[in-house]
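Results of the structural survey
The chain contents come next:
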Amino acid sequence: MDAASFVQRRRRQLALAAVVAIATALIPLIVKDVYIQNILVLTLMYAALSQSWNILGGYCGQISLGHALYFGIGAYTTTILFTKFGVLPWFGMLGGGAISACIAMALGYPCFRLRGHYFVIATIVIAEIALLLVQNWGWAGAALGIEIPVRGDSWLKFQFTRSKLPYFYFALVLASIAWLVTWWLEDSKWGFWWRAVKDNPDAAESLGVVVFNSKMGAAAVSAFLTAVGGSFFAQYVAYVDPESVMGFHLSLLMALPAVLGGIGTLWGPVLGAVILIPLTELTRSFIGGSGRGVDLIVYGTLIVLISLARPTGLIGLFSRQRKAAAR
């Protein structure tokens, strides 16, 4: 691909993203149902979270099933700072993101020496240990969690009781930022390094790629964005407890949209979230109960079918159509 074609492709991606963002921003003008607006907020949030996970798991090839740890750190940091010290949630988001990035690099130092399923198991074990510790941490509410006191509608305190629209638009901004960060990194030096590490770490290192530093950078960016998502969720529900913000199901819900839509792709996590999250919420509502068992069966089956038909994910259908049209 020559320079002109490269620039045109990048501009087309930005233009498409702008159209999608504007169209999404107009949805609340048509959809007034609060339940549907809640689904939209969660869909945008998980699109951002899956995009964040995709940086490490998709582009760098380090499959993590412990990202709930960073989500929980963001949620608890914002909540504790606000309820116990009066620190505004905006500073809590940045603080939680910074703490998560540092912890991700600290954990990456030993874990990135592992490969394949050993690394995956390590991420699960670490996240579960963190969950147990928080469940027994009395100062942070232990298993009962912490309720965030509502002090009136305010952007400064990021609390809204009369409408979900402020949360919707913040979630849209968060998803857009995660997409833009991924878009910028994808064709940067780091993006090429990550894909090289994913394909063949030994070959990449022989060509001058610092494999360990590449993984650490991907982990830091991924953890930071995930923690910001956790901070947002804490403010959205005004309550945190270990299971709701650090449970293993959260790690799955971050990874599955990218897997379904197309792992290691720019639009895969967005497409996957648009399909999976509404499906999850609707099965909870119409089938009854918590829905965790049923929705996992439903979209687990969906992922198996898509994987068999299109191993590259749903986004592969569009690339296949483009290739056919080019012929």
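Residues numbered from 1 in each chain as written. Predicted model: local features only at pLDDT ≥ 70, side-chain atom pairs only at ≥ 80, totals over all residues. Heavy atoms only, no water.

What follows deals with the overall build of the protein chain. Secondary structure assignment for the protein chain yields 14 helices and two strands. For 327 residues, the compact-globule estimate of 2.2 N^0.38 gives 20 Å, and the protein chain sits close to it at 20 Å. Dimensions along the principal axes, computed over C-alpha positions, put the protein chain at roughly 60 × 50 × 35 Å. Within the protein chain, buried positions represent 48% of all 327 residues. Here the contacts in the protein chain between residues at least 6 apart in sequence split such that 77% fall between residues at least 24 apart. Roughly 15,400 Å² of accessible area belongs to the protein chain as shown, and the carbon and sulfur atoms make up 70% of that amount. (Helix = DSSP H or I, 4+ residues; strand = E, 2+ residues; numbered from the N terminus. Rg over C-alpha atoms; globule rule 2.2 N^0.38 Å. Buried < 20%, exposed > 50% of the residue type's maximum accessible area, 1.4 Å probe, protein only. Contact = heavy atoms within 4.5 Å. Areas by Shrake-Rupley, 256 points an atom, 1.4 Å probe, with all protein chains shown as cover.)

So, on to the nonpolar core. Residues Tyr 76, Phe 232, Val 245 and Met 246 are the most contacted members of the largest nonpolar core, which totals 79 residues. The element that contributes the greatest number of residues to this core is helix α2 (residues 34-59), accounting for 12 residues. Ignoring any residue separated from it by four or fewer positions in sequence, one finds Met 246 in contact with Ala 68, Leu 69, Gly 72, Tyr 76, Ala 130, Leu 131 and Val 134. Formed by five residues, the second largest nonpolar core is a distinct cluster that contains Leu 256, Leu 276, Ile 306 and Leu 314. (Core = buried A, V, L, I, M, F, W, Y, C linked by side-chain atoms within 4.5 Å.)

Next up on the list: the side chain of Ser 251. Tracing the chain through its elements places Ser 251 in helix α11 (residues 248-261). You can call Ser 251 buried: its relative accessible area is 1%. Among the polar contacts made by the side chain of Ser 251, one reaches the main-chain amide nitrogen of Ala 68 at a distance of 3.0 Å. (Polar contact = N/O pair within 3.5 Å; in protein donor to acceptor, adjacent residues only side chain to side chain.)

One number sums up the size of the second largest pocket: a volume of about 420 Å³. Among the elements of the structure, α1 (3-30), α2, α6 (165-186) and α12 (268-287) are those that each provide at least two residues to the lining of the second largest pocket. Of the residues forming the lining of the second largest pocket, the biggest block, seven residues, is contributed by α1. For the lining of the second largest pocket, the class distribution of residues is 17 nonpolar, four polar and no charged. (1 Å grid on protein atoms, 1.4 Å probe; cavity = no way out; pocket = protein on both sides within 12 Å on 5 of 7 lines; lining within 4 Å. Points joined across faces, edges and corners; volume = space filled by probe spheres on them. Nonpolar A, V, L, I, M, F, W, Y, C, P; charged D, E, K, R; others polar.)

Moving on, we come to a nonpolar patch on the surface. Taken together, the side chains of Ile 22, Leu 26, Leu 29, Ile 30 and Tyr 169 present a nonpolar region at the surface, about 530 Å² in accessible area. Counting residues per element, the nonpolar patch draws most heavily on α1, at four residues. Within the fold, Leu 29 resides in helix α1. Here Leu 29 falls in the exposed class, since its relative accessible area comes to 57%. (Patch = residues over 30% accessible without salt bridge, like charges linked within 9 Å, V, L, I, M, F, W, Y side chains within 5 Å. Salt bridge = Lys/Arg side-chain N within 4 Å of Asp/Glu carboxyl O.)

When the terminal C-alpha atoms of α11 are compared, their 21 Å separation across 14 residues agrees well with the 20 Å that a helix rising 1.5 Å per residue should span. Of all the bends in α11, the greatest reaches close to 25° and is centred on Ala 255; the proline Pro 257 follows between one and four positions later. Of all 14 residues in α11, 11 are buried, a share of seventy percent or more. The complete set of buried residues in α11 reads His 249, Leu 250, Ser 251, Leu 253, Met 254, Ala 255, Leu 256, Pro 257, Ala 258, Leu 260 and Gly 261. Following α11 by one or two positions, Gly 262 has its phi on the positive side, about 145°. (Expected span 1.5 Å × (residues − 1). Bend = angle between axes of the 7 residues up to and from the residue.)

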